[in-house]
Amino acid sequence: MLHSSLSYVEDYLYWAHQHEALAAFVTSLSLIFVNTFCIPLAGVVMTTAGFLLKDVKGFLVMYCAYNVSAWVGFAVGRFLLQNIVQRYSKKIVILNALSNAVQKRGWRLVFLLQLPPTGVP
């Protein structure tokens, strides 16, 4: 079984080497899927992309795919699964406060929450 899995990987790497742009697209779609549904393979997909696309191109493709997956995951959690999330988080005060703030302030608050702290006073 391990031998057949390795042959699939070798076939994929050969194909990806022959079709670099399509491989970047497929790899980024797989990263979006993996991150959106919290499947713990994101590191493997990112490593594969870095291996295939090399340096700056691999970084840019994976950075964009990672951000798109964060946006998709946010939209799924916020709009499609909102009732389920609210039912499970009713007793957690901070989550209720955050949900109310996002409803009132919208995308501006979401953008500000995504900014990393820089330590500038």
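Only a predicted model underlies this, so the values are computations on that prediction, with no experimental measurement involved. (Residues numbered from 1 in each chain as written. Predicted model: local features only at pLDDT ≥ 70, side-chain atom pairs only at ≥ 80, totals over all residues. Heavy atoms only, no water.)

(A) Fine view of the packing of aromatic side chains. Scanning the model with the defined rule gives two aromatic pairs in all. Centroid distance Phe-59 to Tyr-63: 5.8 Å. Interplanar angle 25°. Geometry classified as stacked. Separated by four residues within a single helix, Phe-59 and Tyr-63 lie in helix H4 (residues 55-80), roughly one turn from each other. Accessibility expressed as a relative area gives 54% for Phe-59, which makes it exposed. When the ring centre of Tyr-88 is taken as reference, the NZ or CZ atom of Arg-87 above it lies at 5.6 Å. (Phe/Tyr/Trp six-rings, centres within 6.5 Å; stacked < 30°, edge-to-face > 60°. Helix = DSSP H or I, 4+ residues; strand = E, 2+ residues; numbered from the N terminus. Buried < 20%, exposed > 50% of the residue type's maximum accessible area, 1.4 Å probe, protein only. Lys NZ or Arg CZ within 6 Å of the ring centre and 35° of its normal.)

(B) Inspection of the layout of surface pockets at higher detail. Taken as a whole, the largest pocket encloses approximately 790 Å³ of empty space. As for the largest pocket, its lining consists of 25 residues, of which Phe-74, Val-102, Val-110, Leu-113 and Gln-114 are closest to the centre. Those elements that place two or more of their residues in the lining of the largest pocket are H4, helix H5 (82-88), helix H6 (93-105) and helix H7 (107-114). Residue classes in the lining of the largest pocket are distributed as 14 nonpolar, 10 polar and one charged. Counted as a void, the second largest pocket has a volume near 160 Å³. Lining of the second largest pocket is provided by Tyr-12, Val-26, Thr-27, Ser-30, Val-34, Leu-41, Val-44, Val-45 and Thr-48. Where the lining of the second largest pocket is concerned, the elements lending two or more residues are helix H2 (20-36) and helix H3 (42-53). A per-element tally of the lining of the second largest pocket places H2 first, with four residues. (1 Å grid on protein atoms, 1.4 Å probe; cavity = no way out; pocket = protein on both sides within 12 Å on 5 of 7 lines; lining within 4 Å. Points joined across faces, edges and corners; volume = space filled by probe spheres on them. Nonpolar A, V, L, I, M, F, W, Y, C, P; charged D, E, K, R; others polar.)

(C) Examining the side chain of Ser-69 more closely. Looking at the element boundaries, Ser-69 is found in helix H4. At 2.7 Å, the side chain of Ser-69 and the backbone oxygen of Tyr-66 are in polar contact. Setting aside chain neighbours within four positions, we find Ser-69 in contact with Leu-31, Ile-32, Asn-35 and Thr-36. (Polar contact = N/O pair within 3.5 Å; in protein donor to acceptor, adjacent residues only side chain to side chain. Contact = heavy atoms within 4.5 Å.)

(D) Highlighting the side chain of Thr-27. Inspection of the secondary structure puts Thr-27 in helix H2. Residue class for Thr-27 comes out buried when judged on its relative accessible area of 3%. Excluding anything up to four places from it in sequence, Thr-27 contacts Tyr-12, Val-45, Ala-49, Leu-52 and Met-62.

(E) Looking closely at the packing of H2 against H4. Running from amino to carboxyl end, H2 crosses H4 at an angle of 35°, the nearest separation of the two axes being 8 Å. In this structure, H2 crosses over H4, and the sense of that crossing is right-handed. In this structure, H2 contributes Glu-20, Ala-24, Thr-27, Ser-28, Leu-31, Ile-32, Asn-35 and Thr-36 to the contact, and H4 contributes Lys-57, Val-61, Met-62, Ala-65, Tyr-66, Val-68, Ser-69, Val-72 and Gly-73. Looking at the contact of H2 with H4 residue by residue, the classes come out as nine nonpolar, six polar and two charged. (Axes fitted to C-alpha atoms, helices over the stretch in contact; angles between N-to-C directions. Left-handed = near helix turned anticlockwise from the far one by under 90°.)

(F) Structural detail: the nonpolar core. Counting eight residues, the largest nonpolar core consists of Leu-31, Ile-32, Val-34, Ala-42, Val-45, Ala-49, Met-62 and Ala-65. Taken together, the elements giving at least two residues each to this core come down to H2, H3 and H4. The contacts of Ala-65, once residues within four sequence positions are left out, are Ser-28, Leu-31 and Ile-32. Residues Ala-16, Ala-23, Ala-24 and Leu-53 belong to the second largest nonpolar core, which totals five residues. (Core = buried A, V, L, I, M, F, W, Y, C linked by side-chain atoms within 4.5 Å.)

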